Amino acid sequence: MRGFSMGKRIEIHEFYPTIYPRLIWVAKLRNEKDINNIFAGRDGSEIYLGIEKGNEPKATTLKVWHKETGKYGVLVCIRSCINVEDVAHEAVHVASCIFDDCGMEMGFDGGKDEHFAYLVGFAADCINQVRINKFRE
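About the cut-offs
Residues numbered from 1 in each chain as written. Predicted model: local features only at pLDDT ≥ 70, side-chain atom pairs only at ≥ 80, totals over all residues. Heavy atoms only, no water. Helix = DSSP H or I, 4+ residues; strand = E, 2+ residues; numbered from the N terminus. Rg over C-alpha atoms; globule rule 2.2 N^0.38 Å. Buried < 20%, exposed > 50% of the residue type's maximum accessible area, 1.4 Å probe, protein only. Contact = heavy atoms within 4.5 Å. Areas by Shrake-Rupley, 256 points an atom, 1.4 Å probe, with all protein chains shown as cover. Lys, Arg positive; Asp, Glu negative; His and termini not counted. Charge placed at Lys NZ, Arg CZ, Asp CG, Glu CD. Axes fitted to C-alpha atoms, helices over the stretch in contact; angles between N-to-C directions. Parallel < 35°, antiparallel > 145°, perpendicular 65-115°, else oblique. Left-handed = near helix turned anticlockwise from the far one by under 90°. Nonpolar A, V, L, I, M, F, W, Y, C, P; charged D, E, K, R; others polar. Phe/Tyr/Trp six-rings, centres within 6.5 Å; stacked < 30°, edge-to-face > 60°. Salt bridge = Lys/Arg side-chain N within 4 Å of Asp/Glu carboxyl O. Core = buried A, V, L, I, M, F, W, Y, C linked by side-chain atoms within 4.5 Å. Pairing = 2+ DSSP bridges.

Before we move on, can you summarise the overall build of the protein chain with the specific residues and values?
Within the protein chain one finds three helices and six strands. Reading the helices (α) and strands (β) of the protein chain from amino to carboxyl end gives β-β-β-α-β-β-β-α-α. Relative to its length of 137 residues, the protein chain is compact, with a C-alpha radius of gyration of 15 Å against a globular reference of 14 Å. Each principal axis of the C-alpha distribution contributes one length, and for the protein chain these read about 45 × 30 × 30 Å. Looking at the 137 residues of the protein chain, the share that counts as buried comes to 41%. Put simply, of all contacts in the protein chain between residues at least 6 apart along the chain, 53% involve residues at least 24 apart. A total accessible area of about 8000 Å² is found for the protein chain, and carbon and sulfur atoms account for 50% of it. The averaged location of the 20 negative side-chain charges in the protein chain is 7 Å from the averaged location of its 18 positive side-chain charges.

Got a sec to walk through the packing of helix α2 (residues 84-102) against helix α3 (residues 113-132)? Specific residues and values, please.
Put simply, α2 and α3 touch, their axes get as near as 8 Å, and they point 130 degrees apart. Here α3 runs oblique to α2, going by the angle between their axes. Of the two elements, α2 crosses α3, and the hand of that crossing is right-handed. Facing Val 87, Glu 90, Ala 91, Val 92, Val 94, Ala 95, Ser 96, Ile 98 and Phe 99 of α2, the residues of α3 in contact are His 115, Phe 116, Leu 119, Val 120, Ala 123, Ala 124, Ile 127, Asn 128 and Arg 131. Each residue belonging to the contact of α2 with α3 can be placed in one class, and the counts come to 13 nonpolar, three polar and two charged.

Tell me about the packing of aromatic side chains, and please be specific about residues and values.
One pass over the full model with this rule turns up five aromatic pairs. One aromatic cluster is present, formed by Tyr 20, Phe 99, Phe 116, Tyr 118 and Phe 122 through successive ring pairs.

Go over the pattern of salt bridges with me, naming the residues and quoting the values.
This structure, assessed with the given rule, holds six salt bridges. Two residues, Arg 22 and Asp 101, come together in a salt bridge whose shortest N-O distance is 2.8 Å. Residue Arg 22 is found in the loop between β2 (10-15) and β3 (23-29), and its partner Asp 101 is found in helix α2; the two are separated by 79 residues along the sequence. A relative accessible area of 18% means that Arg 22 is categorised as buried. Here Lys 63 and Asp 100 are joined by a salt bridge, their closest N and O atoms 2.5 Å apart. Here the residue Lys 63 occupies a position in strand β5 (residues 59-66), and Asp 100 occupies one in helix α2, the gap between them amounting to 37 residues. Residue class for Lys 63 comes out partly exposed when judged on its relative accessible area of 27%.

Could you give an account of unusual backbone geometry, with specific residues and numbers?
Its identity as a non-glycine residue notwithstanding, Asn 133 has a phi of 60 degrees, on the positive side. Along the chain, the position of Asn 133 falls in the segment after α3.

Before we move on, could you go through the nonpolar core and cite the residues and values that matter?
Within the largest apolar cluster, 24 residues are counted, with the highest numbers of intra-cluster contacts made by Ile 24, Val 26, Ile 78, Val 94, Ile 98 and Ile 127. Looking at which element gives the most residues to this core, the answer is α3, with eight residues. The residues touching Val 94, leaving out its near neighbours within four places in the chain, are Ile 24, Thr 61, Val 74, Val 76 and Ala 123. By size, the runner-up hydrophobic cluster in this structure holds 15 residues, among which are Ala 27, Ile 38, Phe 39 and Leu 49.

Tell me about the pairing of β3, residues and numbers included.
The element β3 is largely enclosed, with a buried count of six among its seven residues. For β2 and β3, the ladder comprises six bridges, and the chain directions are antiparallel. Paired with Glu 11 across the strands is Lys 28, a residue of β3. By the bridge criterion, six bridges tie β3 to strand β6 (residues 72-78) in an arrangement that is parallel. In the sheet register, Ile 24 faces β6, and the bridge partner there is Val 74.

What follows is the structure in structure tokens.
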């Protein structure tokens, strides 16, 4: 896990799910401009979150490209008010994005869901570490 920030505006933590060729970033942010300085859509396009004052989502998950490193991954943008249900919800989105990128399928038969369950658990732990501001070494 690696953390970095851009002043008081954005705090981003980077996680590497060891066997998957993607990174997971979890960010506490205030607006789209903050993330567009660091990330872009996979096609290089600007990220649009559609955040409306008074109607801000608790969290959102996006497939992104890190401008400085050129690495691909999944960005989870969270607000401080998220709860365990929100963490689980976004973790499923993270696992789905990574599975989609890797051309992997998920299903219950024959244990096909074991990798998906592992990745959801890993993603949930990453998001929760940022949520509670308590990190593993």
